[in-house]
Amino acid sequence: MCLGYEDEKKNEKLPKPSLHARPSLVVEARSNVTLKCQAPSKNVTFILLKVNDSGYKQEQFSTEDEAEFHFTDLKLKDAGSYSCAYKTTASHEWSESSEHLQLVITDTRTIVVAIFSCISILLLFLSVFIIYRCSQHGSSPEESTKRISHCKLSEQEAAEADLSRMERVSVSTADPQGVTYAELNINALSEAASDTTQEPPGSHEYAAVKV
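About the cut-offs
- Residues numbered from 1 in each chain as written.
- Predicted model: local features only at pLDDT ≥ 70, side-chain atom pairs only at ≥ 80, totals over all residues.
- Heavy atoms only, no water.
- Helix = DSSP H or I, 4+ residues; strand = E, 2+ residues; numbered from the N terminus.
- Buried < 20%, exposed > 50% of the residue type's maximum accessible area, 1.4 Å probe, protein only.
- Contact = heavy atoms within 4.5 Å.
- Areas by Shrake-Rupley, 256 points an atom, 1.4 Å probe, with all protein chains shown as cover.
- Pairing = 2+ DSSP bridges.
- Axes fitted to C-alpha atoms, helices over the stretch in contact; angles between N-to-C directions.
- Disulfide = S-S within 2.5 Å.
- Phe/Tyr/Trp six-rings, centres within 6.5 Å; stacked < 30°, edge-to-face > 60°.
- Polar contact = N/O pair within 3.5 Å; in protein donor to acceptor, adjacent residues only side chain to side chain.
- UniProt positions renumbered as here; feature names shortened; annotations may be inferred.
- Salt bridge = Lys/Arg side-chain N within 4 Å of Asp/Glu carboxyl O.

1. Brief notes about the overall build of the chain
And then number 1: For the chain, the helix and strand inventory stands at 5 helices and 8 strands.
And then number 2: The order of α-helices and β-strands along the chain, N terminus first, is α-β-β-β-β-β-β-β-β-α-α-α-α.
And then number 3: By the burial criterion, 19% of the 211 residues in the chain qualify as buried.
And then number 4: In the chain, the proportion of contacts linking residues at least 24 apart, taken out of those at least 6 apart, comes to 59%.
And then number 5: Taken as a whole, the chain presents about 16200 Å² of accessible surface, with 60% of it coming from carbon and sulfur.

Structure below.
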């Protein structure tokens, strides 16, 4: 009967353990976290498993009713779903697995770099678009050069015109009666011509005596 009782105890189905994370299920990369598996009895062997990773396995014997699995300097690859189980010294089979615990690892630096990269790409596309639109509405470098030279020539012609107007104004203001030097010269020449055409009296006699 004792043997039958021991066999029945060995084949007894063990209750599920519980699995918890400290300090939190969501932790930063390069930080530490502890997964604690707790059973309803003492002196048991615990095992920590990772879902979808058959090669991952950590075993730990504890004289208490719990075991702690420590993770240090966490990497992004450590994220995932974990579960644990246990077996007593009298049992040969593992208990049912605990409820799955999802460990989330965040990397703030990676997020910041990703956001900065996206913003840089958007600004680059925006700059290219603006340059393209400006080139469509603008002119070629040769036309710009011609326009600049034409503006300079127009400015020079305007300056010469202003200078000539100033000279005319100065000539006009030199004679209070509004008569220019050119008109005075023309009048002087006209008077000289009229004097030569009107010979003074006795000029024929003077010529005859001289002959």
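2. Focus on the sheet that holds strand 3 (residues 33–38)
And then number 1: Pairing is antiparallel in the open sheet, where 3 strands are placed in the order 1-3-6. The outermost strands of the open sheet, each flanked by one partner alone, are strand 1 (18–22) and strand 6 (66–71). Across the sheet, the mean angle from the axis of one strand to that of its neighbour is 20°, orientation sign disregarded.

3. A short note on the state of the cysteines
And then number 1: Overall, the coordinates contain 1 disulfide when judged by the stated rule.
And then number 2: Disulfide pairing places Cys37 opposite Cys84 at an S-S distance of 2.0 Å. Between Cys37 and Cys84, the disulfide has an S-S torsion of 75° and is therefore right-handed. Taken as a pair, Cys37 in strand 3 and Cys84 in strand 7 (residues 80–88) lie far apart in primary sequence, 47 residues in all.

4. As for the packing of aromatic side chains
And then number 1: For the structure on display, the rule yields 3 aromatic pairs.
And then number 2: Ring geometry for Phe46 against Tyr86: centres 6.3 Å apart, planes inclined by 45°, an arrangement best described as tilted. Of the two residues, Phe46 sits in strand 4 (residues 44–50) while Tyr86 sits in strand 7, which places them 40 residues apart along the sequence.
And then number 3: A relative accessible area of 0% places Phe46 in the buried class.
And then number 4: The class for Tyr86 is buried, based on a relative accessible area of 1%.

5. Section: the environment of Glu68
And then number 1: In this fold, Glu68 is placed in strand 6.
And then number 2: Given a relative accessible area of 25%, Glu68 falls into the partly exposed group.
And then number 3: As a C-alpha pair, Glu68 and Lys36 span 32 residues in sequence and 4.4 Å in three-dimensional space.
And then number 4: Contacts of Glu68, omitting those with residues within four sequence positions, involve Arg22, Thr34, Leu35, Lys36 and Gln60.
And then number 5: Side chain to side chain, Glu68 and Arg22 meet in a polar contact 2.4 Å long.

6. As for the UniProt feature "transmembrane region" (unreviewed entry) in the chain
And then number 1: The positions UniProt marks with the feature "transmembrane region" (unreviewed entry) are residues 111–132.
And then number 2: As annotated, residues 111–132 comprises 100% helix and 0% strand, and the C-alpha atoms at either end are separated by 32 Å.

7. What about the pattern of salt bridges?
And then number 1: Enumeration according to the criterion identifies 6 salt bridges in this entry.
And then number 2: Close ionic contact of Arg30 with Asp107 constitutes a salt bridge, the shortest N to O distance being 3.1 Å. In this pair, Arg30 is assigned in the loop between strand 2 (26–28) and strand 3 and Asp107 in the loop between strand 8 (101–106) and helix 2 (108–137), connecting sequence segments 77 residues apart.
And then number 3: Residue Arg30 is classed as partly exposed on the basis of its relative accessible area, which comes to 42%.
And then number 4: A salt bridge links Lys75 to Asp73; its shortest N-O distance comes to 3.0 Å.

8. Overview of unusual backbone geometry
And then number 1: A cis geometry characterises the amide bond from Arg22 onward to Pro23, with omega recorded as 5°.
And then number 2: By secondary structure assignment, the location of Pro23 is in the loop between strand 1 and strand 2.
And then number 3: In this model, Arg30 sits at a positive phi of 65°, which is unusual for a non-glycine residue.
And then number 4: With phi around 50°, Asp73 is a residue other than glycine that occupies positive phi space.

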